[in-house]
Amino acid sequence: MSESDAIRPDPDELLKNIKKARTREQGGKLKIFLGMSAGVGKTYAMLEAAHALLKDGSDVIAGIVETHGRAETQKLLEGLSVIPRKEVHYRGKKFTELDIDALLARKPEYALVDELAHTNVPGSRHEKRWQDIVELLDHGINVYTSLNIQHVESRKEAVELATGITIRESVPDSVIERAEQIELVDIPPDTLLERLAEGKVYLGDKAAQAARNFFRQDKLTALREISLRFAGEVVGNELRELAGAAQPGATGQEKLLVAVSHSPHSRRLIRAARKMAFASDADWVVLHVDTGIVLSEDDRNRLAENIELARELGAAVLTTTDEDMVRAIVRIAKQHGVTKILLGRPGRVPFFRTGGTMLSRLLEETDIDIHLLHAGQPPASSKDKFGFPVLSLGRTGPYKAVTALIAAVTALGALTAPAVSYQSIGFLYLLGVLGIGVFFTIGPVLFSALLSAVSWNFFFIPPKYTFSISRTEDALMCLAYLLTAVITGSLSRRMSRNQQLLRTKERTSEAMLDIMAQFAFKGSRAECLQAVLAKMRGLFSGSFELIFAKKPGDTETFTAASVHWLSQAREWAVAKWVMENGREAGWSTETLSSAQALYIPLIAHGKVTGVLAYMPNNPGVAPEEETRSLLLSVCGQLAFYLGQEIYREQALTAQELQRSEKLYQTILNSVSHEIKTPITAIIGLVSALEDEKIGGDQATRKPILDELSESAERLDREVTNILDMSRLSSGVISLKKEWFEARDLVESCAAKLGPKLRERELKLDLPEDLPFLHADFSLMEQALGNILANALNYTRPGIAIEIAAAQREDKLTIRVTDKGPGIPREYVGKVFDRFFRVPGTPSGGTGLGLAIAKAVVELHGGTISAENPGGGGAEFVLTLPVEPQPELNK
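About the thresholds
- Residues numbered from 1 in each chain as written.
- Predicted model: local features only at pLDDT ≥ 70, side-chain atom pairs only at ≥ 80, totals over all residues.
- Heavy atoms only, no water.
- Helix = DSSP H or I, 4+ residues; strand = E, 2+ residues; numbered from the N terminus.
- Buried < 20%, exposed > 50% of the residue type's maximum accessible area, 1.4 Å probe, protein only.
- Contact = heavy atoms within 4.5 Å.
- Areas by Shrake-Rupley, 256 points an atom, 1.4 Å probe, with all protein chains shown as cover.
- Polar contact = N/O pair within 3.5 Å; in protein donor to acceptor, adjacent residues only side chain to side chain.
- Patch = residues over 30% accessible without salt bridge, like charges linked within 9 Å, V, L, I, M, F, W, Y side chains within 5 Å.
- Salt bridge = Lys/Arg side-chain N within 4 Å of Asp/Glu carboxyl O.
- pLDDT = per-residue confidence, 0-100.
- Pairing = 2+ DSSP bridges.
- Axes fitted to C-alpha atoms, helices over the stretch in contact; angles between N-to-C directions.
- Parallel < 35°, antiparallel > 145°, perpendicular 65-115°, else oblique.
- Left-handed = near helix turned anticlockwise from the far one by under 90°.
- Nonpolar A, V, L, I, M, F, W, Y, C, P; charged D, E, K, R; others polar.
- Phe/Tyr/Trp six-rings, centres within 6.5 Å; stacked < 30°, edge-to-face > 60°.

Attention now moves to the overall build of the protein chain. Along its length, the protein chain carries 27 helices and 27 strands. Looking at the 890 residues of the protein chain, the share that counts as buried comes to 44%. Here the contacts in the protein chain between residues at least 6 apart in sequence split such that 71% fall between residues at least 24 apart. Summed over its atoms, the accessible surface of the protein chain is roughly 45600 Å², and 54% of this surface lies on carbon and sulfur atoms.

Encoded structure:
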């Protein structure tokens, strides 16, 4: 291998670093002033840095700065612009918090927001201040903040072990990773203790209490060591990023997997995995395997907390369903390219469990490296193995039910004892144990096997009503029964649990397929989304509303709920916030948690396409992880569908623009030609009239004036058509209806076209009893006149044009028939399109006459059509509504 190959950067590592850099560049920059404890001067250092920015001409605003009564810190705050704090009322008391809305409205270049780990007063937008800071960063505001090492989530337990103090507030490592710079503010523990004694850290009794508890030499030394080590790891990661992973012998990116459950020890495993991943700059996955065990409400809540902790620390969370946890871990590890599996220290295997420990099975079934971590659990426990309960006597309900069932079998055996042998009664007990295995967990199953064996011995095996057995054969039979009952009961329980898991998977798969089918087979967007929301309502036991963000400021709402809670201003404000920030909020979250519903952003290709609002039927119970994962999967499909809808509308808009551009070009070509022709003629004729010989000759001047008049009329007609078409298309035209005879309309049009009809015969078939029409006479005259003018253009001299009118019930039909070449069959449906002219027709006209006629007739509630009659030529049929006739004054 050449030297250049040895230092070639790892492509995967380079891609990962590019993604990190892109994430940082998308928003504001975060700088954290880190210290081992309160009083080391973090806020002071932050304010000094702010004054340096001011000197450089930067726009700096103090959002919230906690001086804790320290005079030197308060003095540094002078000269800085300060945003007034927001008042929050809680339980009758008034508190002040960061006014994040005022900061966003002001949008400074830099904002000072002290105490990153602070917990906001209930009623604030976010539960934690670090969430406020993340929102500021997402809006492009650079933030300076402070943090103590004990509030770093991955270092929380190390601090608790070193100090013996429980840490209540913490900041996810994923937030700290967003920091562009972490500045360690460090002073020796002796100096800090001196500052405490001088009253520069806490005042009064609080200083004395701190000196007795937290501020002790050994604890401060341990905290300093933890903070220095953390800072060293941060610098190490930065050096690796700068080097681009160009280390000789690098074999690729590490990926860790840790399996978690509802056990409280899982939190320590998660934090330990996070530390390992951070130290090696590796990706890591947290896996939860649903083995079918029914969890109590407390266990479900603890599992949700563990999963949320993993997400906050930056893990990719996966959930899967499998009765065999080892098989699930191996399957997921292979699918996701895991290089290391992290486990807690295993306990002993119960006597009834076969197949070895989880560790031994993993070693046999995979060649992936396995790391054992001390997660804090007892070394061996029959109650809790890897966080999954085997036997829980604290829940007595199932055991009472099992006892009652065994008692019932005993009573049945007593009734049948005179007719059958005591050996046969053992089969009744075995059937009972098998049935219990179908409905109960492993603990009650084992208890039923033991209780049934004891009952069989006491009540039926000679000598009766004693626990002794006289015959060796009976003793062996009882022992064999006990082993058989344990094995068959356990197998029955396993088969039942597998069936439950299969049914759950089947229901989930069917529900997802059903939802996907709505996307595929429903026609309109409204039908599709309404059907999907209705299916989700039954699947997730709740109501749904969806907001489709077609474009900024233009939204469309769909619902599958009896109560439209989005109509409430408070709930709509939460949905709007989610749409703008692209993060979850509302029920069961730490952001705007007072909202009634859970609001999930629908993100496709990095853009928020909408918001899904979920109102659970039982808001007091947090959603299970499997339910949440399924809901997020459906949200992904919804986001993709809405993204496709946006692209489809954009494509339609682009096509419309293309058609408009083509129409514009057609209009320009047609109008420029048709207007230029009469203008050219007018200019030429006027020039001719300027000649004194022509101007003085009456005989010569007369035809020129007639041609000049005809050209002016043609120009006027073309301009009038364009203006009328524009008015009709825009919808600004209004009808001025009046009563008139249909005969008068036809005769008026014929009179206006009189000069052009000299060489053609006009045949009128107008009955005497034609009705009155209630319409705009001038518009109808223009419409019928355009049709007549079209007939004149295609009729040779000497050929007749026919106009016939007839009334049928409440409709008046006017037919205009010519004997011209007719309309080619493929163009019959297009003759009424704007600017359309049949190819090959003589020049003249813009193609608007028939379009105007159609618009006018339809504006009056009528119809117009064109067809080719059998005798040749073309026929245009106008059908107009006939209203109740007016009473005429006699």
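On the secondary structure map, Asn-457 appears in helix H18 (residues 442-459). Residue classification places Asn-457 among the buried residues on the basis of a relative accessible area of 7%. Within the structure, the side chain of Asn-457 is placed 3.0 Å from the backbone oxygen of Phe-467, a separation counted as a polar contact. If near-sequence neighbours (up to four positions away) are discounted, Asn-457 is found in contact with Thr-466, Phe-467, Ser-468, Ile-469 and Cys-478.

Turning to a nonpolar patch on the surface, a few remarks are in order. A surface patch of nonpolar side chains, amounting to about 390 Å² of accessible area, comprises Leu-479, Leu-483, Ile-487 and Leu-491. Inspection of the secondary structure puts Leu-483 in helix H19 (residues 472-521). Judged by relative accessible area, which is 51%, Leu-483 ranks as exposed.

The next point concerns unusual backbone geometry. Note that the residue after Pro-462, namely Pro-463, is joined by a cis bond; omega there is -10 degrees. Note on placement: Pro-463 falls in the loop between H18 and H19. Of note, Glu-115 is a non-glycine position whose phi angle comes to about 60 degrees, a positive value. You can see Glu-115 is positioned in the loop between strand E6 (110-113) and helix H6 (129-138). In this model, Tyr-465 sits at a positive phi of 60 degrees, which is unusual for a non-glycine residue. Take Tyr-465: it is sitting in the loop between H18 and H19. Residue Tyr-465 is classed as exposed on the basis of its relative accessible area, which comes to 55%.

Attention now goes to the confidence of the model for the protein chain. Here the protein chain shows a mean pLDDT of 79. Residues at 70 or above account for 83%. The secondary structure element of the protein chain with the lowest average pLDDT is strand E15 (residues 388-389), at 39, and the one with the highest is E6, at 94. Here residues 1-7 is a poorly scored stretch, pLDDT under 50, and it has four contacts once near neighbours within four places are set aside; other chains count. Overall, residues 377-394 carries pLDDT values under 50, and its contacts beyond four positions in sequence, including any with other chains, amount to 47 contacts.

Strand order in the open sheet formed by five strands is E11-E10-E9-E12-E13, with parallel pairing between adjacent strands. The open sheet is flanked by strand E11 (316-321) and strand E13 (369-373), the only strands paired with a single partner. Sheet twist, expressed as the mean angle between neighbouring strand axes with direction ignored, is 25 degrees. Taken together, the three bridges between strand E9 (residues 255-260) and strand E12 (residues 340-344) define a ladder with parallel strand orientation. Looking at the pairing, Val-258 lines up with Leu-342 of E12. Across the sheet, helix H12 (residues 266-280) touches E9, strand E10 (283-290), E12 and E13, and the angle it forms with E9 is around 175 degrees. Each of E9, E10 and E11 is contacted by helix H13 (residues 297-312), which is oriented at about 165 degrees to E10, the strand it contacts most.

On to the packing of helix H25 (residues 742-752) against helix H26 (residues 777-793). Two elements in contact, H25 and H26, have axes separated by 9 Å at closest approach and are oriented at 55 degrees. By the angle class used here, H25 and H26 are oblique. As H25 packs across H26, the resulting crossing turns out to be right-handed. For the pair H25 and H26, the contacting residues are Asp-744, Leu-745, Val-746, Ser-748, Cys-749 and Lys-752 in the first and Phe-777, Met-780, Glu-781, Leu-784, Gly-785 and Leu-788 in the second. Split into classes, the residues belonging to the contact of H25 with H26 amount to seven nonpolar, two polar and three charged.

Aromatic rings in a pair are described by how distant their centres are and how their planes are angled relative to each other. Going through the model one piece at a time under the given rule, you end up with 15 aromatic pairs. For the ring pair Phe-230 and Phe-278, a centre distance of 6.0 Å and an interplane angle of 10 degrees mean the geometry is stacked. Residue Phe-230 is located in helix H11 (residues 217-243), and its partner Phe-278 is located in helix H12; the two are separated by 48 residues in the primary sequence. Side by side, Phe-230 and Phe-278 carry an identical accessibility label, which is buried. Grouping aromatic residues by their ring pairs yields a cluster made of Tyr-429, Phe-458, Phe-459, Phe-460, Tyr-465 and Phe-467.

All right, on to the pairing of strand E2 (residues 60-64) then. Burial analysis of E2 places five of its five residues in the buried class, which makes it a mostly covered element. Two strands pair when backbone bridges link them, and E2 and E6 are joined in this way by four bridges, in the parallel orientation. What sits directly across from Ile-64, in E6, is Val-113. Looking at chain direction, E2 and strand E3 (residues 81-82) are connected through two bridges and run parallel. The partner of Ala-62 across the bridge, within E3, is Val-82.

Glancing now at the sheet that holds strand E22 (residues 762-765). On the basis of which strands lie adjacent, the open sheet formed by five strands has the order E22-E24-E25-E27-E26 and mixed pairing. Bordering the open sheet on either side are E22 and strand E26 (863-867), each of which pairs with just one other strand. In this sheet, adjacent strand axes meet at a mean angle of 15 degrees when their direction is disregarded. Summarising the sheet, strand E24 (residues 801-808) and strand E25 (residues 811-817) pair through seven bridges and their orientation is antiparallel.

On inspection of all chains with the given rule, the structure shows 33 salt bridges. For Arg-525, the salt bridge identified is with Glu-645, shortest N-O distance 3.1 Å. Of this pair, Arg-525 sits in helix H20 (residues 525-540) while Glu-645 sits in helix H22 (residues 625-689), and the two are 120 residues apart along the sequence. Among the residues examined, Arg-525 registers a relative accessible area of 12% and is labelled buried. Residue Glu-584 pairs with Arg-628 through a salt bridge whose shortest N-O separation is 2.5 Å. With Glu-584 in the loop between helix H21 (569-581) and strand E18 (585-586) and Arg-628 in helix H22, the pair connects residues that are 44 residues apart, well separated along the chain. Here the salt bridges share partners, and the residues they tie into one network are Arg-525, Lys-550, Asp-554, Glu-556, Glu-645, Arg-648 and Glu-649.

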